Amino acid sequence: MPNLLDVRDVCKQFPGVKALDGVELQVRKGEVHALLGENGAGKSTLLKILSGALRADRGEAKLDGLMLKPADTPRERQRAGLATIYQEFNLLPFMSIAENLYLGREPERRGFIDWAAMHENSRALLASLGLIVDPRREVLHLSVAHQQMVEIGRAVAQNAKLIVMDEPTAALGQREVEILHGVIEELKTRGVSFIYVTHRLDEVKRVCDSFTVLRDGRYVARGEVRSVETHDLVRLMVGRDVEVAKRARTARSSEAVLAVNGVSRARESSGRHAMALNDLSIDVKAGEILGFAGLVGAGRTELARIIFGADRCDRGVLYLHGTELSLLRSPKEAIRAGIALVPEDRKQQGCFLEQSISQNMTLPSLKRIARWGIFVSEKKERQLVEKYRSALRIKMPSSAVAVGTLSGGNQQKVLLARCMALQPKVLIVDEPTRGIDIGAKVEVHQLLFEMARSGMALIIISSEMPEILALSDRIVVFREGCISGILDGQDATEGKLMALMAISTAADLKRSAAR
Amino acid sequence: MTENTIPEQVAAPRRFDVVGWLRRYGTSFFLLALIVFFAFENSRFLSLRNVTNILTEVSIYGIIAVGMTFVILTAGVDLAVGSLLAFTGMSGAVVMQALGADSSLGWLVALATATAVGTLVGYLQGKAVTFFSVPPFIVTLGGMTVWRGATLILNDGSPISGFDASYRWWGNGSIAGIPVPIVLFGLIAAAGFVIERYTRYGRYIYAVGGNPEAARLNGLDVPAIITSVYVIVGALSGLAGFLLSARLGAAEAVGGIGYELRVIASVVIGGTSLAGGRGGIGGTVIGALLIGVLTNGLVIMHVSSYWQQVVIGLIIVAAVAFDTYAKARR
C-alpha cells in the first residue's frame, strides 16, 4: 500500500540547538502511527512543521502523493487534509459547538449563515462519533473529553485524511481514553490515518499499528507495533533499559501524621473541581506513601485540594498529629501547618514560567531567608537553591534562567524542590510525572521514595496505574465522589484497581453522562 | 519539544542579537539619541535651566509611575491617577484653609491630607478590584471621573491659591542645589527599586502578576497584595498632587488632566508588560525621562502641542509592538 504521508530528511535548527536532523516519517492509509520519543526528542517540532506552524530548514513531505509546499500556512495544510489536535485545544470557548465545527466554512444560504443546516450537520457529525450533545451549547461548558471530540469532529468535517494528535489522553480518565480509542478505530475504518504522540506505551500497544521513534532530533527506528515488546520501545526511546521499580517496604510508624474525617461537599454549579464529595476519610502515616487512584473527576484531586485549603467543603475535620484542626481556609494556612502541594497542572498552577529558577524555588520559603522578614538574603537564597539543585539533580545552565526554558522533568523537580524547602510533614503530589520523559520519571520516583524514607508522609495522585501500584504503600480508590476501597500496595493489582474505579452500573453511567 | 530544551552553550561565535540588544537597551538608546538630536537642534536644550525644568516636570508624574509599575506588574492598571492627583491636591488645600493653617506649617497639613486621601482612595479602589472582582480597568475608569467630579465639588470648580512660601518650597525650592521634586523622585525611585529587587514583597508582586493561581497555591495572600499596590499608587498620587499644587502655587480642579496617560506610558515604554510579572522600576525611570525629553524637545522646536500628542501616542504603540515582536521571536 502506498504511503499517505511521506516525510524525508527534515532538518530544523533553532538558535543554539539542532531540533531535527534528517528525520523521516511514513504513515500508511488508514493506520494509526505512533510517534515516540522522550521530551526534547523533536516530536513537537516535527508536528509543528507538519501542521504549518513552523517551517523546516530542509526536507520534503508528500501527502497522498502531492508535495506539500514548505511555506504552507496552517490553513493551507488543513485544506490539504492534514488536521492537528494539540494538547491545548484550539477551540473558541464562548462560541457554540456548531460554530466551532464549521468555523470559516459555515454553510450558507443566499449569503447568510444557514443556522438550521449547521446545527443539523453538527448533530449528525457528532452522533457518528458517539457524542450526543446539543450543538448550540457553548464549548466552554464541555468536559475535556467532549472538547476533544469536537476537535476530532472538526477534523472530520474538514475531510481530513490525516489527523495528528499530540498527547491526546494526557488529561483523560481511563474510561474516556477507551471512548477515544473507539472513535479512532471507527475513523480508521473510514480510511482516516492518525499520527498518535504519547508517553503512555500501553496505549501504543492498544491502539497503534506502526511506530516511529525519534531521539535527540534524529530518526531512530520504525516498525510494526505487533512485532515489538514495550521494553524494546523504551530502549529505543532512551537508548537504555529502564523500568518502573516497585518500592521496597520500609518500616513506618503507626501514628497518623494527617487524618481527614467525613469530608463532604454538595455539587457546585460550575468550576473545574465542582464534583460532589461524599463522606471521605483517609489517614497517612509518617514515611508512608498513600496513593490516590480513580478516574479524572472521581474526587481524588478534589479531596487533595480541600486538604490543602485550596477549595472549600461543607463538612469535615482534619487532624494533624492527632490535634484537631478546623479545615484549612487557604493554602497559606496549610503551608504554615506543614502541608505542601505539587499541583496537577505544572504550567497553569505550578510554575511562574517567565521567572527564574531560584524565584520559583524559593517563593514560599522567602520568609525564612529574609532579614527582618523583609529583605531577601541573596546568599541564603543561593545556598538553598544549590542544596536542592544537587539533591534533586536538576539540570540547569544557571539558577537565573526562566523556568519555562527547562524540560518538563526539570520543571517538575523545581516544583518538588520548592515543596521540600518548606520541610513539610505532609507532601501531596498530584500527577508527579505527567508529560515528563521516562528517564526523568524514574528519577522523580526515586526522589519520592527518598522523601518517604526521611519520614515525610506522602500522598500521590496519578492517572497511571503502574505508577500508583509501584509507588504506594496503600491505595485509596475514588469513584464518583466516594471512596470505593482502600487496598494494600503489596497485593493490589491493575485488575483490582480497575474493578474499584470503574463506573459499572447503569445508574453510575447515567450520573456520569449528566455531568 | 524544542522550547523545553535548554539551548546548549555553544562555543561557536554567535551572531550579534540585534533584537535582544534593542529589547534590553533600546529605550535608553532612543532616549540618548533624542537628547543628542535636540541638543544639536537647539543649544538651549542642554542648558542647566532647561534640564532642571525637564527633570522637575518628569519628577511629578515619575513619582506616580513608580507606584504604577507595581500595579502593572500585578497585571492591573490605574487610570484614575490624574484625577486623583487633582483631588488630593485640592483636598490638601481645602483642609489647610478650613483649619486656617495658612502660615508656615500649612504645608504639613496639606501634605498629610493629600497623602492620606490618596492612600484611602487607593485602598477603596484596591478593595473594589479584589473583593468585588471588578476588573481594574473598570474600577479606575470609574475612579477617573469620580475623583475629577469630586475635585470640582470640593471648591466649586475654582482654584485655591495664595500659598505660603514654605508650601511653594516643595515645588520650587531646592536641596543642595537640586529641586525638591527631583530629590523626592530620586528617593522614591530608589526605594521602589530596592523593594522590587531585594524584598519579599517585591517577589510577591512579580509572583502574583506572573501566575495568580500558582501564587495562591504557594500560600500568598493574593487579594492583599493586589490591594496594596493600589494603596501605594494612591499614596504616591497624593504626594504628587501636593507637589504639583506647590509647584504651580495653586490647587486646580483641572490639574493633572492626561497624567494617567503619561504615567502609564512611562511604565509601558520602560518595558513592563501589561500582562504582568515582567519589567521593573529601572525601565520606568527611563520611560518617564523619554516622555519628558520628547515633550520638552518638541516644545523647544516649536512643534505644536497637537502634534506632540500624536507623536507620544505613536511611540507608546511602537514600544509595545516592538516588545511583543521581540517576545514572539524568542
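Residues numbered from 1 in each chain as written. Chains lettered and ligands numbered in written order. Predicted model: local features only at pLDDT ≥ 70, side-chain atom pairs only at ≥ 80, totals over all residues.

(A) Just the overall build of chain A, in detail. Secondary structure assignment for chain A yields 18 helices and 24 strands. Relative to the compact-globule value of 24 Å for 515 residues, chain A shows a C-alpha radius of gyration of 24 Å, a close match. Overall, the C-alpha framework of chain A stretches about 70 × 55 × 50 Å when taken along its three principal axes. A total of 515 residues make up chain A; the buried ones form 47% of that total. Considering only intrachain contacts with a sequence separation of at least 6, the fraction spanning at least 24 residues in chain A is 68%. (Helix = DSSP H or I, 4+ residues; strand = E, 2+ residues; numbered from the N terminus. Rg over C-alpha atoms; globule rule 2.2 N^0.38 Å. Buried ≥ 20, exposed ≤ 12 C-beta atoms within 10 Å, placed from the backbone. Contact = placed C-beta atoms within 7 Å.)

(B) Spatial organisation of the overall build of chain B. Check the secondary structure of chain B and you find 13 helices and 4 strands. For 330 residues, the compact-globule estimate of 2.2 N^0.38 gives 20 Å, and the C-alpha radius of gyration of chain B, at 21 Å, lies within 12% of that figure. Expressed along its principal axes, the backbone C-alpha trace of chain B runs to roughly 75 × 55 × 35 Å. Out of the 330 residues belonging to chain B, those deemed buried represent 50%. Taking as baseline every contact in chain B between residues at least 6 positions apart, the subset at least 24 positions apart corresponds to 79%.

(C) Examining helix α6 (residues 165-172) of chain B more closely. All names here are of chain B. Along α6, the positions that sit buried rather than exposed are Tyr167, Trp170 and Gly171. Burial along α6 is one-sided: seen end-on, the buried residues are contained in an arc of 95°. For α6, the secondary structure elements touched by its buried residues are α4 (106-130), α7 (180-198) and α10 (222-248). (Arc of directions from axis to C-beta.)

(D) Molecular detail of the sheet that holds strand β13 (residues 256-265) of chain A. Residues and elements named next belong to chain A. Strand order in this open sheet of 4 strands is β14-β13-β16-β17, and the pairing throughout is antiparallel. Each edge of the open sheet carries a strand with a single partner, namely β14 (277-285) and β17 (323-326). Pairs of neighbouring strands in the sheet enclose a mean axial angle of 15°, with direction left out of account. Pairing of β13 with strand β16 (residues 315-320) involves 5 bridges; the strand directions are antiparallel. Across the sheet, Asn261 pairs through a bridge with Val317, a residue of β16. (Pairing = 2+ DSSP bridges. Axes fitted to C-alpha atoms, helices over the stretch in contact; angles between N-to-C directions.)

(E) Seen up close, the pairing of strand β15 (residues 289-294) of chain A. All names here are of chain A. Here β15 lies mainly inside the structure; 6 of its 6 residues are buried. Here β15 shows a buried face lined by Ile289, Gly291 and Ala293 and a second buried face lined by Leu290, Phe292 and Gly294. Summarising the sheet, β15 and strand β22 (residues 457-461) pair through 4 bridges and their orientation is parallel. In the strand pairing of β22, Gly291 is matched with Ile460. Relative to strand β23 (residues 474-479), β15 runs parallel, the two sharing 5 bridges. In the strand pairing of β23, Phe292 is matched with Val476.

(F) Main features of the domain arrangement of chain A. All names here are of chain A. Taken as a whole, chain A is organised into domain 1 (3-238), domain 2 (243-338 + 424-515) and domain 3 (350-422). With 10 residues of domain 2 at the interface, the matching set in domain 3 holds 9 residues. Tallying contributions element by element places helix α15 (residues 438-453) first for the side of domain 2 that touches domain 3, with 4 residues. Taken together, the residues of the side of domain 2 that touches domain 3 sort by class into 7 nonpolar, 1 polar and 2 charged. (Domains from an automatic or database assignment. Nonpolar A, V, L, I, M, F, W, Y, C, P; charged D, E, K, R; others polar.)

(G) Just the packing of α4(B) against α6(B), in detail. All names here are of chain B. Where α4 meets α6, the closest approach of the two axes is 7 Å, and the angle between their N-to-C directions is 55°. In this view, α4 runs oblique relative to α6, as classed from their interaxial angle. The segment α4 lies against α6, with Gly106, Trp107 and Ala110 engaging Ser166, Tyr167 and Trp170. Each residue belonging to the contact of α4 with α6 can be placed in one class, and the counts come to 4 nonpolar, 2 polar and no charged. (Parallel < 35°, antiparallel > 145°, perpendicular 65-115°, else oblique.)

(H) A look at the environment of A:Ser330. All names here are of chain A. Along the chain, the position of Ser330 falls in the loop between β17 and α10 (331-337). Residue class for Ser330 comes out partly exposed when judged on the 17 C-beta atoms lying within 10 Å of it. C-alpha of Ser330 to C-alpha of Ile307: the two residues are 23 residues apart in sequence and 9.7 Å apart in space.

(I) Broad picture of the environment of A:Leu5. Residue and element names in this part refer to chain A. Considering the arrangement of structural elements, one finds Leu5 in strand β1 (residues 3-14). In sequence terms Leu5 and Ser193 are 188 residues apart; their C-alpha atoms lie 9.2 Å from each other. When neighbours within four sequence positions are excluded, Leu5 is seen to be in contact with Leu25, Gln26, Val27, Leu63 and Leu162.

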